[in-house]
Amino acid sequence: MRLKGVRVGTVLTGSHCTVKEVLVEIENLKREGAIITPILSYSVDQTDNRFYRTADLKARLQKLTGGPIINTIVGAEPIGPQKLLDLVIVAPCTGNTIAKLANGITDTPALMAVKAHLRNQRPVVIGVSTNDGLGLNAKNVGILMATKNIYFIPFRQDNPIEKPNSIVADMKLMVETAIAALQGKQLQPVLLGSA
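Below, the structure is looked at part by part. (Residues numbered from 1 in each chain as written. Predicted model: local features only at pLDDT ≥ 70, side-chain atom pairs only at ≥ 80, totals over all residues. Heavy atoms only, no water.)

**Thoughts on the nonpolar core**
Soluble globular proteins tend to pack their nonpolar side chains together in the buried interior. Grouped together as the largest cluster of nonpolar side chains are 60 residues, with contacts concentrated most on Leu 29, Ile 89 and Ile 126. Discounting residues that sit within four places of it in the chain, Ile 126 has contacts with Val 90, Cys 93, Ile 98, Leu 101, Ile 150, Tyr 151, Phe 152 and Ile 153. (Core = buried A, V, L, I, M, F, W, Y, C linked by side-chain atoms within 4.5 Å. Buried < 20%, exposed > 50% of the residue type's maximum accessible area, 1.4 Å probe, protein only. Contact = heavy atoms within 4.5 Å.)

Shown next, in the form of structure tokens:
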């Protein structure tokens, strides 16, 4: 139980195709002893899609964590002043969220959770999942990689032939990245070869 008693906010943003994979890793965080607080972007909170129904997702998260889900900006704001979390993991983290975070925009519960947590100089882990990580969003990924207290789950191009700008984290490395981030270290290598 390497994360026993560690308070982890798990932020899910709208890379809907990756949510199922992330849920498995949230279960692994829980097995390691983490106390999980789920936080949802508006997209994840409100958008039924071909990968899940929001009601089913929220029921699964509540069963897994036993606590309330944060799905409003007002609900996420106390994370900072009340120092509610030891670690925040944003996974999947969309290009939209990365761009807004890199440019100081706070207009969703996900972004408020990160901003509120960073004010306490505590670690944030990013599990990127975006089709433009090596395109228009490459500069924003770079900004975040050079930002204090932000760590990345190691990632790779997921389909370099058909989607050459697309990058996705290896979510199976979430627990190891979290443990390293709590020690102030970036899990290496951060850039992975082909799957």
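Following the structure, the description resumes.
**Focus on the environment of Thr 177**
Structurally, Thr 177 can be placed in helix 8 (residues 174-182). Residue Thr 177 is classed as buried on the basis of its relative accessible area of 0%. Between the alpha carbons of Thr 177 and Gly 127 there is a distance of 9.6 Å; along the sequence they are 50 residues apart. Dropping the residues within four chain positions of it, Thr 177 is found in contact with Val 125, Phe 152, Ile 153, Pro 154 and Leu 187. (Helix = DSSP H or I, 4+ residues; strand = E, 2+ residues; numbered from the N terminus.)

**Points about the packing of helix 1 (residues 19-31) against helix 3 (residues 54-65)**
Interaxial distance between helix 1 and helix 3 falls to 11 Å at its minimum, and their mutual angle equals 10°. It follows from the interaxial angle that helix 1 and helix 3 lie roughly parallel. In contact with Val 19, Leu 23, Ile 26, Glu 27 and Lys 30 of helix 1, helix 3 contributes Leu 57, Arg 60, Leu 61, Leu 64 and Thr 65. Grouping the constituent residues of the contact of helix 1 with helix 3 by class yields six nonpolar, one polar and three charged. (Axes fitted to C-alpha atoms, helices over the stretch in contact; angles between N-to-C directions. Parallel < 35°, antiparallel > 145°, perpendicular 65-115°, else oblique. Nonpolar A, V, L, I, M, F, W, Y, C, P; charged D, E, K, R; others polar.)

**Examining the environment of Phe 155**
Position of Phe 155 among the secondary structure elements: in strand 6 (residues 155-157). Put simply, Phe 155 and Leu 191 are 36 residues apart on the chain and 5.5 Å apart in space, counted from C-alpha to C-alpha. In this view, Phe 155 contacts Val 128, Val 141, Met 145, Ile 167, Val 168, Ala 169, Asp 170, Val 190, Leu 191 and Leu 192; residues no more than four positions away in its chain are not counted.

**Comments concerning the pairing of strand 1 (residues 7-12)**
Burial of strand 1 is extensive: five of the six residues sit out of reach of the surface. In the sheet, strand 1 pairs with strand 2 (residues 35-40) via six bridges, with the strands oriented parallel. Counterpart to Thr 10 in the pairing with strand 2 is Pro 38. Where strand 1 meets strand 3 (residues 87-93), four bridges bridge the pair, whose relative direction is parallel. If you follow Gly 9 over to strand 3, its bridge partner there is Val 88. (Pairing = 2+ DSSP bridges.)

**Points about the packing of helix 1 against helix 8**
Direction vectors running N to C along helix 1 and helix 8 enclose 50°, while the axes themselves pass 9 Å from each other. Our classification of the angle between helix 1 and helix 8 gives oblique. Contacts between helix 1 and helix 8 involve Val 22, Glu 25, Asn 28 and Leu 29 on the former and, on the latter, Met 174, Val 175 and Ala 178. Grouping the amino acids of the contact of helix 1 with helix 8 by side-chain chemistry returns five nonpolar, one polar and one charged.

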